[in-house]
Amino acid sequence: MITAGLAIGGLGLLAGVGLAIASKVFYVYIDPKVEELEEALPGANCGGCGMPGCSAAAQAIVLGKLAPNCCVGGGPEVHARVAEILGVEVEEREPQIAHIGCRYSVQEADLKYIYDGVDDCRAAVLLAGGPKECPIGCIGLGSCVKACPFEALSMGDDGLPVVDEHLCTGCGTCVRTCPKGIIALTSVTDRILGEYTTDECTAPCQRTCPAGINIPEQIRQTALGNYREALRIIKERNPLPMVCGRICPHPCEFECRRNLHDEPVAINYLKRFVADHERQSGERIELFKAPDTGKRLAVVGGGAEGLSTACFLARLGHSPTIFEAMPELGGLLRKAIAESRLPRDVIDWDINGILELGVEARTGQVLGRDFTIAGLLEQDYQAVILATGGWDAILMRNSGLEQPVPGLYLLLPLSLALAQGTQVQLGKRVVIVGGGEMALDLARKCRGIGAESVDIIFERPQAQLGLSDSDLAKMAEESVSLHFQTTLTRLLGEENRLTHLALTTVPSGNGTARPVRSKESLIAADTIIAAIGRLPEMIFVRVPTGEDEGSPIRWRTISPYHHVPRPVRQEVFTSVDTVTDYRSVVEAIGAGRRAAASTHLFLTGKEVLPPPHMITPDTDVLDVSRLVALQPAAPRQKMPERPAEELVDPSLEIELGLTEEMALTEAARCLNCGLICYLRSRYH
């Protein structure tokens with residue numbers, strides 16, 4: 001009996017010792033904060049933060065791999081609770097909402113076949129990509145609805161998913177579920193930064209609009225009588241709607257699909273109608289602004305491009321200041337267009353709307369005279385965006401030979417100044433970009449007035465310029481060096497001096513292909529002469545030196561991405577400069593938005609590049625060549641004009657704008673086009 005008791009007791013003691021050892025060997029420490037965070041997180045395991053569940057997210061937050069506001073499903077209250085547990089402050093985050101990028105259901109679209117299989121979109125696309133002719137159309141089986149962990153999606157009566165914006169948390173589950181990629185998370189910032197791509201449904205008109213306005217939705221809201229919502233859509237891409245509604249050459253109407261049947265929809269008249277409606281109401285629509293970033297930015301130029309750049313920078317949360325040489329903002333809009341076509345109070349209304357967003361304006365300030373780029377960077381401006389306009393803008397300022405950028409001259413005004421005997425102070429190391437034979441002649445003149453050496457940069461190969469090796473040898477004897485198939489990518493400087501240029505070679509040299517850019521090389525330069533008609537948009541940023549306070553300001557340029565493809569990305573001066581961005585105010589507005597977007601990308605640590613598959617004027621996009629089964633529609637509405645006897649007063653506006661009845665009639669003519677879908681009588 002005693003023996004048995006000792007045996008059992010001994011076994012119990014051994015087991016206890018074993019468990020004690022195991023608890024030490026296999027001990028796993030659980031951070032109390034992880035447990036607290038797990039309790040604070042919603043437990044939906046939606047995956048919106050990129051982790052497989054809330055438990056993994058809690059561990060990642062504690063380890064610093066995720067931000068305290070990473071939980072898209074929890075919202076601000078959860079973010080605040082997480083920040084409280086961690087003892088940190090949380091940054092305000094703009095919410096994202098799921099957006100359905102298809103407007104025509106299976107019942108309203110052309111089909112390849114009738115699908116009657118498994119009730120799941122992912123199964124349906126396994127058969128020839130799904131039943132729709134459109135390669136990116138919604139399958140309509142509701143897989144996204146079933147997957148949504150927050151019941152924010154439902155199937156509408158039209159057979160398409162409907163998003164409840166009050167329930168949508170932006171977790172992205174629907175995005176990951178949709179096999180056609182028609183659902184995207186979007187915010188106002190995303191829409192400001194966004195570009196149309198080949199993998200989304202777009203109408204011909206919106207693809208053509210240089211500002212990128214969502215024209216089908218604008219007109220649909222107008223037809224519904226939601227004029228303020230229509231204007232809000234316009235202002236997401238165009239901060240000058242009243243101006244544009246009067247002088248835009250409306251390239252969108254040339255691509256309107258109604259041209260295949262009768263006359264295009266009067267898109268620009270409708271834009272003017274909703275913009276005028278806001279002004280007549282006396283109450284501006286309230287535009288969204290992203291949370292304040294605390295970053296100060298300088299925009300040089302107060303014309304359409306500079307105003308647009310500043311407006312979008314303000315909406316992205318930054319604090320822009322416009323520096324304008326003229327006494328008033330508006331540039332050529334105010335100086336070059338007749339008041340009978342563009343009344344000045346219309347310009348003022350649009351500009352005041354931009355200033356009310358928090359944009360500061362300093363007029364009568366000339367770059368190079370009243371302030372410098374290095375001086376702005378020293379005043380803690382994070383970037384300086386150049387939007388000074390073209391040659392016509394220089395003439396408007398009547399300022400003669402300008403040098404707003406350290407060491408930079410335009411070839412034409414410099415040549416005119418030299419021809420007139422004007423004394424021009426050039427540096428010792430001159431670089432001429434482009435210009436053909438004129439550049440060769442100018443190089444000799446530069447040598448004659450003190451330049452020690454001149455480098456000429458040509459994008460084209462030597463053979464296309466008709467220069468022999470003996471010509472090059474002769475130029476070399478005159479200290480003139482020629483660089484072929486080369487392009488300029490960056491300017492670098494210190495304080496108010498240009499110091500270097502970054503160059504890269506262009507293997508193809510034909511100016512049309514997209515060759516792989518070679519490694520940059522730097523050459524010393526203190527003067528650059530560009531054979532272009534305008535100063536390109538350049539963004540100046542400070543180069544971190546890591547030196548003590550008071551060290552010289554060093555800067556470099558970055559180039560915004562462009563709508564028109566360029567032979568080599570990020571080059572400064574190219575052969576396409578003369579055909580892009582600036583032929584009309586709406587193109588200047590589009591260029592201004594891209595300059596703001598590029599600056600924002602840089603400031604947020606992203607590479608300044610357009611999105612993959614961005615649609616450009618050269619992109620082939622799926623379309624239709626004929627229209628069938630159209631519903632009867634009224635003819636295009638004509639713009640009412642002032643009676644001829646009143647036109648003797650040049651201050652009176654000629655065009656009077658559409659009436660509300662005319663606007664509703666015109667809006668009803670829109671076919672609400674998708675990639676290949678449009679309104680047809682057999683479906684509606």
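Remember, it's a predicted structure, so these values are computed and weren't measured experimentally.

Describe the overall build of the chain, listing the residues and the values that go with them.
For the chain, the helix and strand inventory stands at 25 helices and 18 strands. Along the first, second and third principal axes, the C-alpha atoms of the chain reach 125 × 70 × 50 Å. Burial status across the chain gives 51% buried among its 684 residues. Of the contacts made within the chain by residues no fewer than 6 positions apart, 68% connect residues no fewer than 24 positions apart. About 31900 Å² of surface is accessible on the chain, with carbon and sulfur atoms providing 53% of the total. Counting 66 positive and 86 negative side-chain charges, the chain places the averaged centre of each group 3 Å from the other.

Lay out the packing of helix α11 (residues 227-235) against helix α14 (residues 267-281) in plain terms, naming residues and giving numbers.
In the contact formed by α11 and α14, the axes pass within 9 Å of each other and the chain directions differ by 115°. Taken together, the axes of α11 and α14 lie roughly perpendicular to each other. Classified by chirality, the crossing of α14 by α11 is left-handed. From α11, Tyr-227, Arg-228, Ala-230, Leu-231, Ile-234 and Lys-235 reach across to α14, where they touch Lys-271, Phe-273, Val-274, Ala-275, His-277, Glu-278 and Ser-281. Its residues placed into classes, the contact of α11 with α14 shows seven nonpolar, two polar and four charged.

Quick rundown of the environment of Leu-601? Include the residues and the values.
For Leu-601, the position within the fold is in helix α24 (residues 585-603). On the accessibility criterion, Leu-601 (15% relative accessible area) is buried. Residues Leu-601 and Thr-504, spaced 97 residues apart in sequence, show a C-alpha to C-alpha distance of 23 Å. In this structure, Leu-601 is in contact with Tyr-561, Lys-606, Glu-607, Val-608 and Leu-609, ignoring residues within four places of it in sequence.

An account of the pattern of salt bridges is requested, with residue identities and associated values reported.
Two side chains carrying opposite charge are able to pair once their charged atoms lie near each other. All chains considered together, the criterion is met by 33 salt bridges. Within this structure, Arg-191, Glu-229, Arg-232 and Glu-236 form a network of salt bridges that share partners.

Can you tell me about the confidence of the model for the chain, naming the residues and giving the values?
For the chain, the average pLDDT comes to 86, and 91% of its residues sit at 70 or higher. Contacts for the low-pLDDT stretch residues 575-581, under 50 throughout, to residues beyond four places or in other chains number 16 contacts.

Describe the sheet that holds strand β12 (residues 480-483), with residues and values.
Pairing within the open sheet is parallel, and its five strands lie in the order β9-β16-β10-β11-β12. Strand pairing shows two members of the sheet lacking a second neighbour, β9 (408-410) and β12, which therefore form its edges. Between one strand axis and the next, the sheet turns by 20° as a mean value, whatever way the strands run. Bridge analysis of strand β10 (residues 429-433) against strand β11 (residues 453-457) gives five bridges, and the strand direction is parallel. Considered in β11, the bridge of Val-430 is made with Val-454.

Describe the pairing of strand β14 (residues 497-505), naming the residues involved and giving the relevant values.
As paired strands, strand β13 (residues 486-494) and β14 are joined by eight bridges and run antiparallel to one another. Counted as the bridge partner of Leu-488 is Leu-503 from β14. Relative to strand β15 (residues 521-524), β14 runs antiparallel, the two sharing four bridges. When the bridges of β15 are listed, Leu-501 appears paired with Ile-523.

Talk me through the nonpolar core; I want residue IDs and the actual numbers.
Within the largest apolar cluster, 81 residues are counted, with the highest numbers of intra-cluster contacts made by Ile-215, Ile-219, Val-243, Leu-333 and Leu-342. At nine residues, the largest contribution of residues to this core is made by α24. Every residue in contact with Ile-219, bar those within four places of it in the chain, is listed here: Val-265, Ile-267, Leu-270, Ala-667 and Cys-670. Of all hydrophobic cores here, the second largest spans 33 residues; its members include Ala-374, Leu-408, Ile-523 and Ile-528.

How would you explain the packing of aromatic side chains if you had to name every residue and give the values?
Enumeration according to the criterion identifies five aromatic pairs in this entry. A centroid spacing of 4.8 Å and a plane angle of 40° characterise the contact between Phe-323 and Phe-371, whose relative ring orientation is tilted. Here Phe-323, found in strand β6 (residues 319-324), pairs with Phe-371, found in the loop between β7 (360-363) and α18 (373-378); they are 48 residues apart in sequence, far enough to count as distant. Since its relative accessible area comes to 9%, Phe-371 is described here as buried. Ring centres 6.1 Å apart and planes at 75° place the aromatic pair Phe-323 and Tyr-381 in the edge-to-face group. One end of the pair, Phe-323, is in strand β6; the other, Tyr-381, is in strand β8 (residues 381-386), with 58 residues separating them in the sequence. Each member of the pair, Phe-323 as well as Tyr-381, is classed as buried. Put simply, the rings of Phe-323, Phe-371 and Tyr-381 touch in pairs and so form one group of aromatic residues.

If you had to explain the packing of helix α10 (residues 215-223) against α11 to someone new, which residues and values would you point to?
For the pair α10 and α11, the least separation of the axes is 7 Å and the interaxial angle reads 165°. The angle between α10 and α11 falls in the class roughly antiparallel. By crossing handedness, the relation of α10 to α11 is classed as left-handed. Judged by residue contacts, Glu-217, Gln-218, Gln-221 and Thr-222 of α10 engage Tyr-227, Glu-229, Ala-230, Ile-233 and Ile-234 from α11. Class assignment of the residues belonging to the contact of α10 with α11 gives a composition of four nonpolar, three polar and two charged.

What counts, and where the lines are drawn
- Residues numbered from 1 in each chain as written.
- Predicted model: local features only at pLDDT ≥ 70, side-chain atom pairs only at ≥ 80, totals over all residues.
- Heavy atoms only, no water.
- Helix = DSSP H or I, 4+ residues; strand = E, 2+ residues; numbered from the N terminus.
- Buried < 20%, exposed > 50% of the residue type's maximum accessible area, 1.4 Å probe, protein only.
- Contact = heavy atoms within 4.5 Å.
- Areas by Shrake-Rupley, 256 points an atom, 1.4 Å probe, with all protein chains shown as cover.
- Lys, Arg positive; Asp, Glu negative; His and termini not counted.
- Charge placed at Lys NZ, Arg CZ, Asp CG, Glu CD.
- Axes fitted to C-alpha atoms, helices over the stretch in contact; angles between N-to-C directions.
- Parallel < 35°, antiparallel > 145°, perpendicular 65-115°, else oblique.
- Left-handed = near helix turned anticlockwise from the far one by under 90°.
- Nonpolar A, V, L, I, M, F, W, Y, C, P; charged D, E, K, R; others polar.
- Salt bridge = Lys/Arg side-chain N within 4 Å of Asp/Glu carboxyl O.
- pLDDT = per-residue confidence, 0-100.
- Pairing = 2+ DSSP bridges.
- Core = buried A, V, L, I, M, F, W, Y, C linked by side-chain atoms within 4.5 Å.
- Phe/Tyr/Trp six-rings, centres within 6.5 Å; stacked < 30°, edge-to-face > 60°.

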